[in-house]
Amino acid sequence: MEKTGSSPDDIPRTSPPDDFQLLTAVTKGDAQAFKAIHRRHFMKLMSFAQRVTGDHAAAEEVANDTFLVIWRSSGSFQMRSKVSTWMFGIAYRIAKKKRRQLARRHLDMDIDTCTISDTRDMAASVLQRRDIFRALDRLKPELRAVIELTYFQGYIHSEIAQMLGCPVGTVKTRLLRAKEQLRHLLRENATQPPLRRAA
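Residues numbered from 1 in each chain as written. Predicted model: local features only at pLDDT ≥ 70, side-chain atom pairs only at ≥ 80, totals over all residues. Heavy atoms only, no water.

Below, the discussion takes up the packing of helix α1 (residues 19-27) against helix α4 (residues 83-101). Packed helix pairs are characterised by how far apart their axes lie and by the angle those axes make with each other. Two elements in contact, α1 and α4, have axes separated by 9 Å at closest approach and are oriented at 65°. Two secondary-structure elements touch here, α1 through Asp19, Phe20 and Leu23 and α4 through Val83, Ser84 and Trp86. Its residues assigned to classes, the contact of α1 with α4 shows four nonpolar, one polar and one charged. (Axes fitted to C-alpha atoms, helices over the stretch in contact; angles between N-to-C directions. Helix = DSSP H or I, 4+ residues; strand = E, 2+ residues; numbered from the N terminus. Contact = heavy atoms within 4.5 Å. Nonpolar A, V, L, I, M, F, W, Y, C, P; charged D, E, K, R; others polar.)

What follows is the structure, given as structure tokens:
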């Protein structure tokens, strides 16, 4: 006698909704879709914002403010880029404004949670990770932003240009300047004499 019940393999498997599907649901007021896209991107946006602002608390505010804009303005997305590109663009504009509002207060970055996925052009194989992040923290926000988006988030030049609202050529120029300044700062750090012990 043949079995009439369906096996687990017979049950159609549905893949999780992509960002565009989630954002479309958000435009209709779907709170669950908003929670899903929040879980998917919050930490990435916060990490990016911290690189731009140099301040952990401010970065969390930027990420929260970004999602507030996404909730209120999801209908303004015009499908000219990936949803994540659109979100990073919002985060960048908010982070720049937040940095201008910050005093000259400086907080150390949580470097233990940071990794570099691609460091071909920075010779990071012979440098301490701590020195790299200290050097990054000394770059201007617009230079830190292109390093973050290129090496930490994996975006290509055209996507970064959309996020930052500038030509692709400007992105390439900023990336070159950022890497040149990093090399200089890292060489400078390497030639610093060690601190003398107190007698």
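Among all positions in α1, only Asp19, Leu22, Leu23, Ala25 and Val26 are buried. Projection of α1 onto a plane perpendicular to its axis shows the buried side chains occupying an angular sector of 160°, all on one side. The secondary structure elements touched by the buried residues of α1 are α2 (31-53), α3 (56-73) and α4. The N-cap of α1, judged by a side-chain oxygen 3.2 Å from the amide nitrogen of Phe20 a few residues on, is Asp18. One or two steps after α1, the chain reaches Gly29, where phi turns positive at roughly 85°. (Buried < 20%, exposed > 50% of the residue type's maximum accessible area, 1.4 Å probe, protein only. Arc of directions from axis to C-beta. Polar contact = N/O pair within 3.5 Å; in protein donor to acceptor, adjacent residues only side chain to side chain.)

Another point: α3. Across its 18 residues, α3 extends 25 Å between first and last C-alpha, which sits within 8% of the 26 Å expected from 1.5 Å per residue. Taken together, the buried positions of α3 are Ala58, Ala59, Val62, Ala63, Thr66, Phe67 and Ile70. Elements in contact with the buried residues of α3: α1, α2 and α4. Where α3 begins, the capping side chain belongs to Asp55, and its oxygen is found 3.0 Å from the backbone nitrogen of Ala57. (Expected span 1.5 Å × (residues − 1).)

Tracing the sequence through the fold places Asp55 in the loop between α2 and α3. Taking the relative accessible area as the measure of exposure, Asp55 reaches 2% and is therefore buried. When the C-alpha atoms of Asp55 and Asp137 are compared, they prove to be 10.0 Å apart, with 82 residues separating the residues in sequence. At 2.8 Å, the side chain of Asp55 forms a polar contact with the backbone nitrogen of Ala58.

Counting through the fold element by element, Ser74 comes out in the loop between α3 and α4. Other than its neighbours up to four places away in sequence, Ser74 contacts Leu23, Val26, Thr27, Val69 and Trp86.

Here the focus is the confidence of the model for the protein chain. Per-residue confidence for the protein chain gives a mean pLDDT of 77, with 73% of residues at or over 70. Long-range and interchain partners of residues 103-127, a stretch whose pLDDT sits below 50, account for 39 contacts in this model, where long-range means more than four residues apart. With pLDDT under 50 throughout, residues 194-199 is counted as low confidence; its partners more than four residues away or in other chains account for zero contacts. (pLDDT = per-residue confidence, 0-100.)

Viewed as axis vectors pointing N to C, α4 and helix α7 (residues 157-164) meet at an angle of 45°, and their least axial separation amounts to 7 Å. The angle between α4 and α7 places the two elements in the oblique class. Between α4 and α7 the crossing geometry is right-handed. Across the interface between the two elements, Thr85, Phe88, Gly89, Tyr92 and Arg93 of α4 pack against Glu159, Gln162, Met163 and Leu164 of α7. (Parallel < 35°, antiparallel > 145°, perpendicular 65-115°, else oblique. Left-handed = near helix turned anticlockwise from the far one by under 90°.)

When you line up the elements, Gln162 lands in helix α7. Overall, Gln162 belongs to the partly exposed group, its relative accessible area being 43%. With 74 residues separating them in the primary sequence, Gln162 and Phe88 have C-alpha atoms 9.3 Å apart. Sequence-distant contacts of Gln162, defined by excluding residues within four places in its chain, comprise Arg80, Ser81 and Thr85.

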